[in-house]
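# Structural overview
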Amino acid sequence: MGRVVAKPEVCIGCRLCEIWCSVAHSRSRNIIKTFLYEEKKPFPRVTVEEKLPLTFAIQCRHCAEPDCVAACIGGALFKDPASGRVVHDREKCVGCYSCVLTCPYGSIVVDPKRREVFKCDLCAGLDELYCVSHCPNEALVYVPEE
Amino acid sequence: MRAYDYVIVGNSAGAAGCIEGLRCVDKSGSIAVIAEENRHIYSRALVPYYLDGKIAGEKMYYRPADFYKRAAVDLLEDKAVKLDTALKRVELADGRLVGYGKLLLATGGRPIFPPIPGLDKKNVFSFHSLDDALGIEETLPAAKNAVILGGGVIGLMAAEVLHRKGLQVHVLELADRLLAPVIDETASALVEKTFQEAGVEINTRNTIEKIHGADRVENITLRDGRTIPCDILIVGVGVTPRVELAEGTDIKINRGIVVNRNMQTSAPDVYACGDCASTYNFVTGETHPLPLWPNAYRGGRIAAFNMAGLEREYTWGTSMNAMHFFDLNLINAGLNITGSGGGDWEIIAAVDEQQKTYRKFVLNRDGRIKGFVLAGQIARAGIFLNLMRREIDVRGFRQELLSTSFGYSNLPDDMRWQLLENEVILGVV
Ligand SMILES: Cc1cc2nc3c(=O)[nH]c(=O)nc-3n(C[C@H](O)[C@H](O)[C@H](O)COP(=O)(O)OP(=O)(O)OC[C@H]3O[C@@H](n4cnc5c(N)ncnc54)[C@H](O)[C@@H]3O)c2cc1C
Ligand code: SF4
Ligand code: SF4
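All values derive from a computational prediction rather than experimental measurement.

We now examine the packing of helix 1 (residues 13-25) of chain B against helix 7 (residues 293-307) of chain B. Residues and elements named next belong to chain B. Viewed as axis vectors pointing N to C, helix 1 and helix 7 meet at an angle of 35°, and their least axial separation amounts to 7 Å. Where helix 1 crosses over helix 7, the two elements pack in a sense that is right-handed. Only Trp-293, Ala-296, Tyr-297, Gly-300, Arg-301, Ala-304, Phe-305 and Met-307 of helix 7 make contact with helix 1, whose side of the interface consists of Ala-13, Gly-14, Ala-16, Gly-17, Cys-18, Glu-20, Gly-21, Leu-22, Cys-24 and Val-25. Grouping the constituent residues of the contact of helix 1 with helix 7 by class yields twelve nonpolar, four polar and two charged.

So this is what it looks like as structure tokens:
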């Protein structure tokens, strides 16, 4: 497993990666249904940073030595040794935000209303990486682990 | 005598970090864990969530039931009572001797009970273990009035849970404000306001004068002269490192078991981490106890690499807390500089008491962040911890730190791309 890497110089700040990340993590995986009908709008796990003219997307780096895993008091975060993915188990998460405190990239996304957190799961179980495949400018690429 | 390549005393955050670290680099070395709490590895930090009914008992467990089996760890469920660093062995309460190649002390902390007569009564609890949680749970149905001794992180978590359970809660704090060692006056005031709005009685500059009752606490006379009813008393005034195994050996103790940056004690082949240890604080450069979950886990992991012969340094730990009380979220790390700064410190801060948001950054003379507090809006807080860790000069964008949408885009180009060197691809156009 690797991670998704941004090319800031060709990012146009359209935030389609955020939109499609939400869709990827929705119930229906349909863009219209996701935003019009789904009661619980899925949070994008990728963040587009913007300070014009600069824009670029950033999401979990699936760190080799993940700070979030060390910090998690609930045992909800772990690095899967087989895939290298840093996985968040929502069942075990208590919303303590220790991971938010420690992730150096700000890549744990918070839903303050529900005290829930989300992170990039590299589209586990899906057949494509939604942010990568829907970026109109190819400003996101998947880089496998060296 | 059975001997193991690696022996770990304690069965919590530090132990988990060590086991997982060891198994990354040494798949075959033998490992034993000595554990006096007769339970599968659990997170004591989940005690408040358990009592709040947010999680069921089995969710207290920090790792799956087959954790030891999968890591090929022998679990010795007994208390270690004696350490012999010359013969390299540990004696258990039942007389068994366990030899070690490398030893990790991850014995954690012990809740402090101040010398007040009556704290041995039946309805008095610390807020530290699963046993405490179960005892409190049993006492709750018949309880109406709770007294919490200590207005620190642990005491306040207990206060919130018991309030939610429908009890009338009094918090007693000796200092003139809550959480004084952790956050500054402004943040303390936000926390106090939050508790008062919820209906929790906060009594600062106050403590227990006298406990009344036979085998149970019934009433408590406070220092200010009032006597209040009490059906359950929680003592949450802090933890002290459990150093007893190291006492009387050649292991140096200074509040906690002193370790160097390799997590090594002054005795050969003996390491320590977590709440029992005095470890390196990267912000101050000093060595002292930093009793927090991330420090225990990461300290155990770094110890593991060194125990297995790979040199690694622990320069990651500092004071860091993610807290929440009712609807107020708080994150802080590094130095807690109170007042308006001055002297060596430059303070960048903004508070909105209505919205209950607060951001404060403490910079040293060279513009390096040495501490910060975020209340209300805590999103992406780890970026600040990273700027602090990497000793980034933030003076060029200091006011932008106060923006709730602060991110790497606020940094000057060269600085940003240096920090994100491996995270982006540049030079494509
Ligand atoms: C209610 C509560 C909430 C908390 N919330 C947070 C939080 O939100 N964030 C955070 O960062 N930290 C939090 N903490 C602190 C965190 O839980 C501790 O820092 C962490 O548990 C330390 O882990 P440790 O491995 O050093 O030791 P401990 O968790 O204290 O475990 C040590 C273990 O060693 C065993 N042991 C000790 N001596 C012996 C012996 N001689 N023989 C055999 N076994 C022995 C003990 O019984 C114990 O099981 C909280 C703590 C509490 C109590
Ligand atoms: S959430 Fe943050 S700390 Fe955790 S693996 Fe991803 S980038 Fe690393
Ligand atoms: S919020 Fe959830 S995932 Fe993050 S540290 Fe807390 S329990 Fe772990």
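Still more ground to cover, so stick around.
Taken together, 34 residues are adjacent to ligand 1, and Ser-12, Glu-36, Glu-37, Arg-44 and Asp-275 of chain B come closest. More than a single chain frames ligand 1: its nearby residues are located in chains A and B. With respect to ligand 1, the backbone of Ala-80 of chain B contributes an N or O atom lying 2.9 Å from a nitrogen atom. Taking 990 Å² as the accessible area of ligand 1 by itself, protein coverage stands at 95%. Of all the elements in the fold, those that place two or more residues in the shell around ligand 1 are helix 1, helix 5 (153-164) and helix 7 of chain B. If one sorts the elements of the shell around ligand 1 by residue count, helix 7 of chain B sits on top with three residues. For the shell around ligand 1, the per-class residue count stands at 18 nonpolar, nine polar and seven charged. Each of two domains, domain 1 (2-110 + 240-307) and domain 2 (113-237) of chain B, supplies a minimum of three residues to the shell around ligand 1.

Let us now look at the UniProt feature "domain: FAD/NAD(P)-binding" (unreviewed entry) in chain B. UniProt records the feature "domain: FAD/NAD(P)-binding" (unreviewed entry) at residues 4-299 of chain B, using the numbering of this structure. Across residues 4-299 of chain B one finds 22% helix and 29% strand; the C-alpha atoms that close the span lie 21 Å apart.

Right, let's talk about the site of ligand 3 for a bit. Every residue close to ligand 3 is listed here: Cys-72, Ala-76, Leu-77, His-88, Cys-93, Val-94, Gly-95, Cys-96, Tyr-97, Ser-98 and Cys-99 of chain A. Of the residues assigned to the shell around ligand 3, the class counts are eight nonpolar, three polar and no charged.

Residues and elements named next belong to chain A. Pro-53 follows Leu-52 through a cis peptide bond whose omega is 5°. Position of Pro-53 relative to the elements: it lies in the loop between strand 2 (47-51) and strand 3 (54-58). Look at Leu-122: it is not a glycine, yet its phi comes out positive at around 50°. Topologically, Leu-122 is positioned in the loop between strand 7 (116-118) and helix 5 (130-134).

Bringing the sheet that holds strand 12 (residues 208-212) of chain B into the picture now. Residues and elements named next belong to chain B. Within the open sheet, the three strands sit side by side as 12-13-14. Their pairing is antiparallel. Looking at the sheet topology across the chains shown, the edges are occupied by strand 12 and strand 14 (227-229). Strand-to-strand twist of the sheet, defined as the mean angle between neighbouring strand axes without regard to direction, takes the value 25°. Sheet topology note: the strand 12/strand 13 (residues 219-222) ladder contains four bridges and is antiparallel. Of the residues in strand 13, the one forming a bridge with Lys-210 is Thr-221.

All names here are of chain B. Strand order across the open sheet formed by five strands is 8-15-9-10-11, with parallel pairing between neighbours. The open sheet has two free edges, formed respectively by strand 8 (124-126) and strand 11 (201-204), since each of these has just one partner strand. Averaged over all neighbouring strand pairs, the angle between strand axes comes to 20°, with direction disregarded. Here five bridges tie strand 9 (residues 145-149) to strand 10 (residues 168-173), and the two strands are oriented parallel to one another. For Ala-146, the partnering residue across the bridge sits in strand 10 and is Val-169.

Conventions we followed
- Residues numbered from 1 in each chain as written.
- Chains lettered and ligands numbered in written order.
- Predicted model: local features only at pLDDT ≥ 70, side-chain atom pairs only at ≥ 80, totals over all residues.
- Heavy atoms only, no water.
- Axes fitted to C-alpha atoms, helices over the stretch in contact; angles between N-to-C directions.
- Helix = DSSP H or I, 4+ residues; strand = E, 2+ residues; numbered from the N terminus.
- Left-handed = near helix turned anticlockwise from the far one by under 90°.
- Contact = heavy atoms within 4.5 Å.
- Nonpolar A, V, L, I, M, F, W, Y, C, P; charged D, E, K, R; others polar.
- Near = heavy atom within 4 Å.
- Polar contact = N/O pair within 3.5 Å; in protein donor to acceptor, adjacent residues only side chain to side chain.
- Areas by Shrake-Rupley, 256 points an atom, 1.4 Å probe, with all protein chains shown as cover.
- Domains from an automatic or database assignment.
- UniProt positions renumbered as here; feature names shortened; annotations may be inferred.
- Pairing = 2+ DSSP bridges.

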